[in-house]
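# Residue-level structure breakdown
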Amino acid sequence: MLYSKLFGKTQKQPPADASTASHKLLHQGGYIRESTAGRYFFLPLGQRVQQNIIKIVKEEMDSTGAQEMVSPVLHPLELWKETNRNNETGFELTTIKDRREAEFALGGTAEEMFVDCVRKFQLSYRDLPFNIYQFSTKFRDELRARGGLLRVREFIMKDAYSFDVDEENFKKEYKKMWDTYKRIYNRLGLDVIVVESDNGYIGGEYCHEFIVESEVGESKFLVSEDGTYAAHEDIAKFKRDGINQDEETKKMEVIDQPAWVQTMEHNEKHYKLPRARFLKNVVYKIRTTGEIIIAVIRGDLDINKTKLEHVLNAVGQLDDATDADLTSIGTKRGYVHSWGHKNVRYIGDLSLTSVKNFIGGQKEETKDTINVNYGTDFSCDVLADIALAKEGYHTEDGKHKLVMKKGIEVGNIFQLGYHYSNKMKGANYIDEDGKEKPYYMGCYGIGIGRTLATIVEIHHDDRGMMWPDVVAPYRVHLVGLDLKDDEIRAKAEHVYNTLHDKGITVLYDDRKEASAGMKFADADLIGIPVRLVVSKKTGDQIELKKRAEKSFQLMSLEDAIKNI
């Protein structure tokens, strides 16, 4: 490719709103341009990288026996209604009507579509298991697009769906996809940490994210010091240490308390005791039902909203209570009780059994309770793990401390079980006993654009991108200097044609007016793995420099080709 003819040139200035290295460099290097917020053009250089990533993903998926297909981008809305996900997604669905007033959703994820396709066939146990996948455009009406390609509203995803007879067989496919993803990211030059995570609106009982550690990532996860445990903060578990287990259990009392004592800070100051000794209440409302929920927890811990939503079977439906919500149950901020409010549901954290003689629980203007013990003086409708794990807490076995990390989620694998096959009529196969049984499912996703951006986040320096060989838009960046000299220009063109004939992809900077400094700066910015220079100084030889190295070598064209 001649640089003079390349559509999409380098640019000195990054976008004003660019906050990540990948956003800045992909824009400056001529790889992407923003259309509207969260939607991007992939320019020729960017498309070549994207296609190289897709090629690797496809090779690895095909090697497992998975089969590629494609589904429509417009999903009949009745399919989403069939599983009630039109009301439960973690993002806003974009919906449209056609001229016949039929309603469609722009596909954000395709579980319903693939189940609908499979159930159109009369399959038996002999046809199972199988894994079908696609590369398709996904649409998510994100509240806030950010980070260039890291959080967008439109993107290409590789999404795969497996269909099995039961859990035992499914687990083999799950492990196969786990190993396949590890190979994919290794080939792409990314070190991934496999992290337990939350299924969220996808459904199912468990899933794992493949995360590349990075400070620009939005995924927060906790890892044990010995590296044997890794979990997203949404679901991370930890040990609740006993606070005062040797203390004698006392009888609950109502005591006078100054009116100014209303917060945890006030409690610490007044009683001169650590936060763990106090009861804390946090109030929520389930959006779809209006039900008021009071979460009760030890004072030094925080509520994990995701965990609480799962306990309530209300994923994505929990809102912070408003003042009006508190008034509706006869209370106000700072005066919520740990028991006794009418028409509410109390959910307690496991930490309530780790303290004897709590302080708090029945706050009034000038009174409160002390020596409050769970199971004796009060109880909740449900006692469960609803606390947020934090750095420094111990693993459940108490042997190791947890360390907080940040990273970019580049892929995920989900156990779906019977979540969709039980909800969608006819999603069954015929077992060997002749009876209909629901499919046991899994799904597996890789965001192509996000993976591309993550490669840049990991592989760059202060001069530009440093593409791994397998994804680079071209193998060689040929820089011609002194091109006004006919002899030098002829030599550069000979090098270009020879590389092309050898099947080596090359971007040739054939500009006559551009300075050497400008050409070298552009080559560093674009980030192609090998730079070759032809000039008066190189004489009969050619200069070879690898993007990741500082030094260069002079050699013959034949030796340069062998090196490449």
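Structure: see above.
Calculation criteria
- Residues numbered from 1 in each chain as written.
- Predicted model: local features only at pLDDT ≥ 70, side-chain atom pairs only at ≥ 80, totals over all residues.
- Heavy atoms only, no water.
- Phe/Tyr/Trp six-rings, centres within 6.5 Å; stacked < 30°, edge-to-face > 60°.
- Helix = DSSP H or I, 4+ residues; strand = E, 2+ residues; numbered from the N terminus.
- Buried < 20%, exposed > 50% of the residue type's maximum accessible area, 1.4 Å probe, protein only.
- Lys NZ or Arg CZ within 6 Å of the ring centre and 35° of its normal.
- Arc of directions from axis to C-beta.
- Contact = heavy atoms within 4.5 Å.
- Core = buried A, V, L, I, M, F, W, Y, C linked by side-chain atoms within 4.5 Å.
- Pairing = 2+ DSSP bridges.
- Axes fitted to C-alpha atoms, helices over the stretch in contact; angles between N-to-C directions.
- 1 Å grid on protein atoms, 1.4 Å probe; cavity = no way out; pocket = protein on both sides within 12 Å on 5 of 7 lines; lining within 4 Å.
- Points joined across faces, edges and corners; volume = space filled by probe spheres on them.
- Nonpolar A, V, L, I, M, F, W, Y, C, P; charged D, E, K, R; others polar.
- Salt bridge = Lys/Arg side-chain N within 4 Å of Asp/Glu carboxyl O.

### Thoughts on the packing of aromatic side chains
For the structure shown, the criterion picks out 19 aromatic pairs. Measuring from centroid to centroid gives 5.5 Å for Phe 170 and Tyr 174, while their planes differ by 50°, and the two rings are tilted. Pair noted here: Phe 170 and Tyr 174 are both in helix H5 (residues 167-187), with a separation of four residues, about one helical turn. For Phe 170, a relative accessible area of 0% puts it in the buried group. For Tyr 174, a relative accessible area of 6% corresponds to the buried category. Between Phe 238 and Tyr 393, the aromatic rings sit 4.8 Å apart at their centres with planes inclined by 40°, giving tilted as the arrangement. With Phe 238 in the loop between strand E12 (230-232) and strand E13 (253-256) and Tyr 393 in the loop between strand E19 (382-384) and strand E20 (402-417), this pair connects stretches of sequence that are 155 residues apart. For Phe 238, a relative accessible area of 5% corresponds to the buried category. Taken together, Phe 170, Tyr 174, Tyr 206, Tyr 418 and Tyr 440 form an aromatic cluster joined through their ring pairs. For the cation-ring pair, Arg 240 lies above Phe 238, with the distance from its terminal atom to the ring centre recorded as 4.3 Å. Its guanidinium or amino end placed over the ring of Trp 260, Lys 269 lies 5.9 Å from that ring's centre, counting from NZ or CZ.

### Description of helix H6 (residues 264-271)
Within H6, burial applies to Met 264, Asn 267 and Tyr 271. For H6, the angular spread of buried residues about the axis comes to 55°, placing them on one side. Check the buried side of H6 and you find it contacts E13 and strand E14 (279-286). Lys 272 lies just past H6 and shows a positive phi near 55°.

### Description of the nonpolar core
Counting residues in hydrophobic clusters, the biggest one holds 79 residues, and the most contacted among them are Leu 26, Tyr 31, Ile 53, Phe 163, Tyr 185, Tyr 439 and Trp 467. The element contributing the most residues to this core is helix H2 (residues 44-63), with seven residues. In this structure, Phe 163 is in contact with Phe 114, Val 115, Val 118, Leu 128, Pro 129, Phe 130, Ile 132, Tyr 439, Tyr 440 and Met 441, ignoring residues within four places of it in sequence. Core analysis: the second largest hydrophobic core is formed by 23 residues, Ala 295, Ile 347, Ala 384 and Ile 386 among them.

### Overview of the sheet that holds strand E6 (residues 103-106)
What holds strands together in a sheet is hydrogen bonding between their backbones, with the strands either parallel or antiparallel. In space, the three strands of this open sheet follow the order E4-E6-E5, with antiparallel pairing throughout. What marks the edges here is a single partner per strand, and that holds for strand E4 (74-76) and strand E5 (95-97). Sheet twist, expressed as the mean angle between neighbouring strand axes with direction ignored, is 40°. Of the strand pairs in this sheet, E4 and E6 are connected by three bridges, and their pairing is antiparallel. Considered in E6, the bridge of Leu 74 is made with Leu 106.

### A closer look at empty space enclosed by the protein
Scanning the entire structure with this criterion turns up two cavities of 30 Å³ or more. Its boundaries defined by the atoms lining it, the largest cavity holds a volume of some 50 Å³. As for the largest cavity, its lining consists of Ala 523, Asp 524, Ile 528, Pro 529, Val 530, Arg 531, Lys 545, Lys 546 and Arg 547. Residue composition of the lining of the largest cavity, by class: four nonpolar, no polar and five charged. Computed from the structure, the second largest cavity encloses a volume of approximately 40 Å³. Taken together, Ser 71, Pro 72, Val 73, His 75, Gly 107, Ala 110, Gln 134, Ser 136, Thr 137 and Lys 138 form the lining of the second largest cavity. When residues of the lining of the second largest cavity are assigned to their parent elements, the largest contribution, four residues, is made by strand E7 (residues 130-139). Residues of the lining of the second largest cavity, tallied by class, amount to three nonpolar, six polar and one charged.

### Brief notes about the pattern of salt bridges
All told, the structure shown has 50 salt bridges when counted by the stated rule. Taking the shortest distance from any N to any O, the salt bridge between Lys 58 and Glu 68 comes out at 2.9 Å. A residue pair is termed long-range when its members are at least 10 positions apart, and Lys 58 in helix H2 and Glu 68 in strand E3 (residues 67-68) qualify at 10 residues. Relative accessible area serves as the criterion here: at 30%, Lys 58 is assigned to the partly exposed category. With relative accessibility at 39%, the residue Glu 68 sits in the partly exposed group.

Remember, this is a structural readout, not a statement about activity or role.
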